[in-house]
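Each chain is listed here by its residues.
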Amino acid sequence: ATILVGGDPASATYVKMKQNACKRIGMDSTKVEMGEDTTTEQLLEKIHQLNANPNCHGILLQHPVPAQINERACFDAIALEKDVDGVTCLGFGRMAMGEEAFGSATPQGIMRILEAYNIELSGKHAVVVGRSPILGKRGARRRRAPSPEKPSPGRGRCWRCWRCSGRRRRRR
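Residues numbered from 1 in each chain as written. Predicted model: local features only at pLDDT ≥ 70, side-chain atom pairs only at ≥ 80, totals over all residues. Heavy atoms only, no water.

Draft legend 1. Highlighting a nonpolar patch on the surface. On the surface, a cluster of nonpolar side chains totalling about 340 Å² of accessible area is made up of Ile113, Tyr117 and Ile119. For isoleucine 113, the position within the fold is in helix α5 (residues 105-116). (Patch = residues over 30% accessible without salt bridge, like charges linked within 9 Å, V, L, I, M, F, W, Y side chains within 5 Å. Areas by Shrake-Rupley, 256 points an atom, 1.4 Å probe, with all protein chains shown as cover. Salt bridge = Lys/Arg side-chain N within 4 Å of Asp/Glu carboxyl O. Helix = DSSP H or I, 4+ residues; strand = E, 2+ residues; numbered from the N terminus.)

Draft legend 2. Just helix α2 (residues 40-52), in detail. In a regular helix each residue adds 1.5 Å, so 13 residues correspond to 18 Å; α2 covers 18 Å between its end C-alpha atoms and thus fits that length. Of all the positions in α2, only Thr40, Leu43, Leu44, Ile47, Leu50 and Asn51 are classed as buried. Buried residues in α2, looked at end-on, bunch into an arc of 120°, giving them a common side. In α2, the exposed positions that point more than 90 degrees away from the buried face belong to Glu41 and Ala52. At its buried positions, α2 is contacted by β1 (2-5), β2 (31-34), β3 (60-61) and α3 (71-77). (Expected span 1.5 Å × (residues − 1). Buried < 20%, exposed > 50% of the residue type's maximum accessible area, 1.4 Å probe, protein only. Arc of directions from axis to C-beta. Contact = heavy atoms within 4.5 Å.)

Draft legend 3. View of the environment of leucine 60. Its location among the elements puts leucine 60 in strand β3. Classification of leucine 60 by relative accessible area gives buried; the value is 13%. With 26 residues separating them in the primary sequence, leucine 60 and glycine 86 have C-alpha atoms 9.1 Å apart.

Draft legend 4. Quick look at the sheet that holds β3. Strand order in this open sheet of three strands is β2-β1-β3, and the pairing throughout is parallel. Every other strand in the sheet has two partners, leaving β2 and β3 as the edge strands with one partner each. The pairing of β1 with β2 spans four bridges and is parallel. When the bridges of β2 are listed, leucine 4 appears paired with glutamate 33. This element, helix α1 (residues 9-24), spans β1, β2 and β3 of the sheet and lies at about 165° to β1. Running over the sheet, α2 touches β1, β2 and β3 and is turned about 165° from β2. (Pairing = 2+ DSSP bridges. Axes fitted to C-alpha atoms, helices over the stretch in contact; angles between N-to-C directions.)

Below, the structure written as structure tokens:
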């Protein structure tokens with residue numbers, strides 16, 4: 001199931017692309033749309049319903065959500081076994097410790113591409129651009145600590161940078 005809260009056009013397009021991808025491969029997918037005025041409690045209730053639904057095998061909460069919603073609480077309400085985007089704190093912790101967990105799609109996809117082309121990363125230097133908990137931190141984490149069962153494309157030097165990297169911080 002995908003959950004879209006509010007009217008962000010980019011998010012709506014992204015969810016539509018996910019729905020189309022599911023349709024192309026013959027996978028049923030439920031699209032849940034909630035209004036801009038949705039509360040944290042309402043969103044949590046919907047997540048709990050999807051967690052309890054045996055016909056729902058994965059939940060993807062599209063972000064950003066409207067400002068009045070506690071996004072972290074809503075992400076963490078997703079059952080670990082249904083966290084297909086790797087957004088829960090528990091899922092991130094499991095991934096960071098090399099335990100089985102869904103990874104965030106973009107970093108995991110990048111690692112799969114590197115594996116498919118047999119690009120050996122051990123001993124090499126890499127830069128991950130971004131610092132978001134879902135992409136930048138996870139990308140760097142995947143680069144540093146692959147799963148214990150897969151020794152490569154493994155460990156190496158990894159730096160993260162973002163839009164303010166290299167700027168001197170002003171004292172306040």
